[in-house]
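Chain by chain, the residues run as shown.
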Amino acid sequence: MKKAYFNWSSGKDAMLALDKTLSAKEYNITKLVTTVNTDYNRVSMHGLSVDLLEKQSEAIGIPLEKIELRGNVSMAIYNTQMKTVMTNLLKAGYEYAFFGDIFLEDLKKYREDKLAEVGVKAVFPLWKQNTKKLLLEFLQKGYKAITVCVNAKLLDASFCGRIIDEAFIEDLPENVDVCGENGEFHTFVFDGPIFKKPIDFTIGEKVLRSYTPSKNKKDNCYTEDNEPWDTSFWYCDLIAK
């Protein structure tokens, strides 16, 4: 099988994409790669503690490689550090990089272009599939996930720290993608068919954090035609037992 690594978010889309990839038996996923915010020792964007990330990797049975970045890292530094990591992975025999993305053409192109610079090919197992069908498939397979971060401009605090189930799907506003593919919410998967055992945790406090977009347009992840709408988030702290 082709040697590959997975750009790991710890969330449901990545998990379903990994599940499908392992079942297909065309690629051998032998490493999970995750960016970590060293200011808070948490998974970038998701806000999940590194302790739970490591427990998740152990439960899945695939080794984890953490890419440590400061919270206020510039795009220039981010791209340089990521290129070094990708180059080293290629030298170790990893010619394919997997992602759980479903939509967002600009992000897909960015990933493909950056990987192409070092000779690695990007693979997107869930690309352009129906998000509601994907989430229902995720649940039907027996995976369990909880929301750890929600966009405060689209979802209130009650959606944060909530188990993903059919009731959750029904309660989502019409303008929110069922898989949160536009950044509406992020999740942590704590159990499922490929887990050796469920991950035990307690639910801690919820906090609202707001972020000010960089004045340098090269450091912002939105285009000049759009206003920065995703700058305030509810986070739910999960504490490993």
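About the thresholds
Residues numbered from 1 in each chain as written. Predicted model: local features only at pLDDT ≥ 70, side-chain atom pairs only at ≥ 80, totals over all residues. Heavy atoms only, no water. Helix = DSSP H or I, 4+ residues; strand = E, 2+ residues; numbered from the N terminus. Buried < 20%, exposed > 50% of the residue type's maximum accessible area, 1.4 Å probe, protein only. Areas by Shrake-Rupley, 256 points an atom, 1.4 Å probe, with all protein chains shown as cover. Lys, Arg positive; Asp, Glu negative; His and termini not counted. Charge placed at Lys NZ, Arg CZ, Asp CG, Glu CD. Expected span 1.5 Å × (residues − 1). Contact = heavy atoms within 4.5 Å. Pairing = 2+ DSSP bridges. Salt bridge = Lys/Arg side-chain N within 4 Å of Asp/Glu carboxyl O. Axes fitted to C-alpha atoms, helices over the stretch in contact; angles between N-to-C directions. pLDDT = per-residue confidence, 0-100. Arc of directions from axis to C-beta.

Trainee: When you look at the overall build of the protein in this model, what are you seeing that I'm missing?
Mentor: Scanning the protein for helices and strands turns up six helices and 10 strands. Each principal axis of the C-alpha distribution contributes one length, and for the protein these read about 45 × 45 × 35 Å. Classification of the 241 residues of the protein by burial places 44% in the buried group. As presented, the protein carries roughly 12,500 Å² of accessible surface, and 49% of it is formed by carbon and sulfur atoms. Separation of charge centres in the protein, based on 32 positive and 35 negative side chains, amounts to 5 Å.

Trainee: It is not clear to me how helix H1 (residues 12–24) should be interpreted in this structure. Could you clarify?
Mentor: For H1, with 13 residues, the first-to-last C-alpha span of 18 Å sits near the 18 Å given by 1.5 Å per residue. Those residues of H1 that fall on the buried side of the exposure criterion are Lys12, Asp13, Ala14, Met15, Leu16, Ala17, Leu18, Asp19 and Thr21. Residues of H1 that are buried in the fold lie against strand S1 (2–7), strand S2 (27–37), helix H2 (50–60), strand S5 (96–98), helix H5 (131–140) and strand S8 (185–191). Lys25 lies just past H1 and shows a positive phi near 60°.

Trainee: Got a minute to help me understand the pairing of S2 in this structure?
Mentor: Across a regular strand the side chains alternate sides, sitting on one face of the sheet and then on the other. Burial of S2 is extensive: nine of the 11 residues sit out of reach of the surface. As paired strands, S2 and strand S4 (residues 64–69) are joined by six bridges and run parallel to one another. In the sheet register, Thr35 faces S4, and the bridge partner there is Ile67. Looking at chain direction, S2 and strand S3 (residues 42–43) are connected through two bridges and run antiparallel. Its bridge partner lying in S3, Val36 is registered against Val43.

Trainee: What is the right way to read the pattern of salt bridges from this model?
Mentor: Enumeration over the complete set of coordinates arrives at 16 salt bridges. Residue Glu65 pairs with Lys31 through a salt bridge whose shortest N-O separation is 3.5 Å. Here Lys31 lies in strand S2 and Glu65 lies in strand S4, a separation of 34 residues in the sequence. You can call Lys31 buried: its relative accessible area is 18%. The partner of Glu54 in a salt bridge is Lys66, and the shortest N-O contact between them spans 2.6 Å. Here Lys66 lies in strand S4 and Glu54 lies in helix H2, a separation of 12 residues in the sequence.

Trainee: Looking at this model, I keep getting lost on the sheet that holds strand S7 (residues 144–151). Mind explaining?
Mentor: Adjacent strands of a sheet form backbone hydrogen bonds with each other and so pair up, either parallel or antiparallel. Taken in spatial order, the four strands of this open sheet run S8-S7-S10-S9, and their pairing is antiparallel. Both edges of this open sheet fall to S8 and strand S9 (201–210), since each of them pairs with a single strand only. The sheet shows a mean angle of 25° between the axes of neighbouring strands, taken without regard to direction. Here S9 runs beside strand S10 (residues 232–240); their pairing, made up of eight bridges, is antiparallel. Among the inter-strand pairings, Thr202 is bridged to a residue of S10, identified as Ile239.

Trainee: I tried to follow the confidence of the model for the protein on my own but got confused; where do I start?
Mentor: Where the model shows low pLDDT, its predicted coordinates should not be examined in detail. Per-residue confidence for the protein averages 93 on the pLDDT scale, and 92% of its residues sit at or above 70. Low pLDDT, under 50, characterises residues 220–226; the predicted model gives this stretch six contacts beyond four residues in sequence or across chains.

Trainee: Can you help me understand helix H3 (residues 75–91) in this one?
Mentor: One turn of the α-helix equals 3.6 residues, which is why residues spaced by three or four share an orientation. Between its first and last C-alpha atoms H3 spans 24 Å; for 17 residues at 1.5 Å apiece the expected length is 24 Å, and the two agree. Among the residues making up H3, those that are buried are Met82, Val85, Met86 and Leu89. Burial along H3 is one-sided: seen end-on, the buried residues are contained in an arc of 100°. Opposite the buried face of H3, by more than 90 degrees, sit the exposed residues Ala76, Thr80 and Lys91. Close packing links the buried residues of H3 with S1, S2, S4 and helix H4 (105–116). Directly beyond the C-terminal end of H3, a positive phi value near 100° is found at Gly93.

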